[in-house]
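# Analysis of the macromolecular model
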Amino acid sequence: MWVTNVVALLLMAASASAATSASADKVLSNHATILADNSANLAFSLYQNMAKEKTVENILISPVVVASSLGLVALGGKASTASQVKTILNAAKVKDEQLHSGLAELLTEVSDPKTRNVTWKISNRLYGPSSVTFVDDFVKNSKKHYNCDHSKINFRDKKSAVNSINEWASKSTDGKLPEVTKDVEQTDGAMIISAMFFKRECV
């Protein structure tokens, strides 16, 4: 696990209710509402498991960001991968396109400062080894639905990889999150990194 003392995921237990209780002049689609509720259930399940680890002091999880990361996996995987993701989200009846459009809807809704009276910046980046070539459709759709950028990285050079990831996270959060990881594993696959900055506006 790449986090020791603080788990750098954002738990907004209320984010599901926040997502489903959209502003008065806006109603979420049915599949977005289903995904909001089920994402919250998944986040609570993750919380219960992570809370068992004695080395973890603070746990912050964002149901929407966890679900959108799974959505990215589904988008880049085969049909069986998308099916597995929908099973995890308890959304087997949601069509593939509805999965991605619904999660995009939630990401937009929870980060809308006018609706939520918050500043919530969510940035996603997919890091892949230099040997990997991202398919054009995946790059386009991951940007469209998840606002995800892509970058190649040498995981075998751990120091350089860690510095690159932390520099991106710091820049994405205006310096509020200067470090999201201290180590990376050598991998032939890809790594999804989410960087978030949340601030509740005082009223």
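In short, a report on the structure. (Residues numbered from 1 in each chain as written. Predicted model: local features only at pLDDT ≥ 70, side-chain atom pairs only at ≥ 80, totals over all residues. Heavy atoms only, no water.)

### Structural notes on the packing of helix α3 (residues 63–76) against helix α7 (residues 136–146)
In contact at an axis separation of 10 Å, α3 and α7 are set at 160° when each is read in the N-to-C sense. The angle between α3 and α7 falls in the class roughly antiparallel. Between α3 and α7 lies a crossing of right-handed hand. Contacts between α3 and α7 involve Ser 68, Gly 71, Leu 72, Leu 75 and Gly 76 from the former and Phe 138, Asn 141, Ser 142 and Tyr 146 from the latter. For the contact of α3 with α7, the per-class residue count stands at 4 nonpolar, 5 polar and no charged. (Axes fitted to C-alpha atoms, helices over the stretch in contact; angles between N-to-C directions. Helix = DSSP H or I, 4+ residues; strand = E, 2+ residues; numbered from the N terminus. Parallel < 35°, antiparallel > 145°, perpendicular 65-115°, else oblique. Left-handed = near helix turned anticlockwise from the far one by under 90°. Contact = heavy atoms within 4.5 Å. Nonpolar A, V, L, I, M, F, W, Y, C, P; charged D, E, K, R; others polar.)

### Here's the deal with the pattern of salt bridges
Enumeration according to the criterion identifies 4 salt bridges in this entry. One salt bridge in this structure joins Asp 183 and Lys 158, with 3.8 Å as the shortest N-O distance. Taken together, the positions of Asp 183 in the loop between α8 (158–172) and β5 (191–200) and Lys 158 in helix α8 put the pair 25 residues apart, joining distant regions of the chain. Given a relative accessible area of 41%, Asp 183 falls into the partly exposed group. What makes Lys 158 partly exposed here is its relative accessible area of 35%. (Salt bridge = Lys/Arg side-chain N within 4 Å of Asp/Glu carboxyl O. Buried < 20%, exposed > 50% of the residue type's maximum accessible area, 1.4 Å probe, protein only.)

### Considering the side chain of Asn 124
Relative to the assigned elements, Asn 124 resides in strand β3 (residues 118–129). Within the structure, the side chain of Asn 124 is placed 3.1 Å from the backbone oxygen of Tyr 146, a separation counted as a polar contact. A polar contact is formed between the side chain of Asn 124 and the side chain of Ser 194, at a distance of 2.6 Å. Apart from the residues within four sequence positions on either side, Asn 124 is in contact with Tyr 146, Asn 147, Cys 148, Asp 149, Trp 168, Ile 193 and Ser 194. (Polar contact = N/O pair within 3.5 Å; in protein donor to acceptor, adjacent residues only side chain to side chain.)

### Digging into helix α2 (residues 30–50)
The end-to-end C-alpha separation of α2 is 30 Å, in line with the 30 Å expected for 21 residues at 1.5 Å each. Residues of α2 that are buried: His 31, Ala 32, Leu 35, Ala 36, Asn 38, Ser 39, Ala 40, Leu 42, Ala 43 and Met 50. (Expected span 1.5 Å × (residues − 1).)

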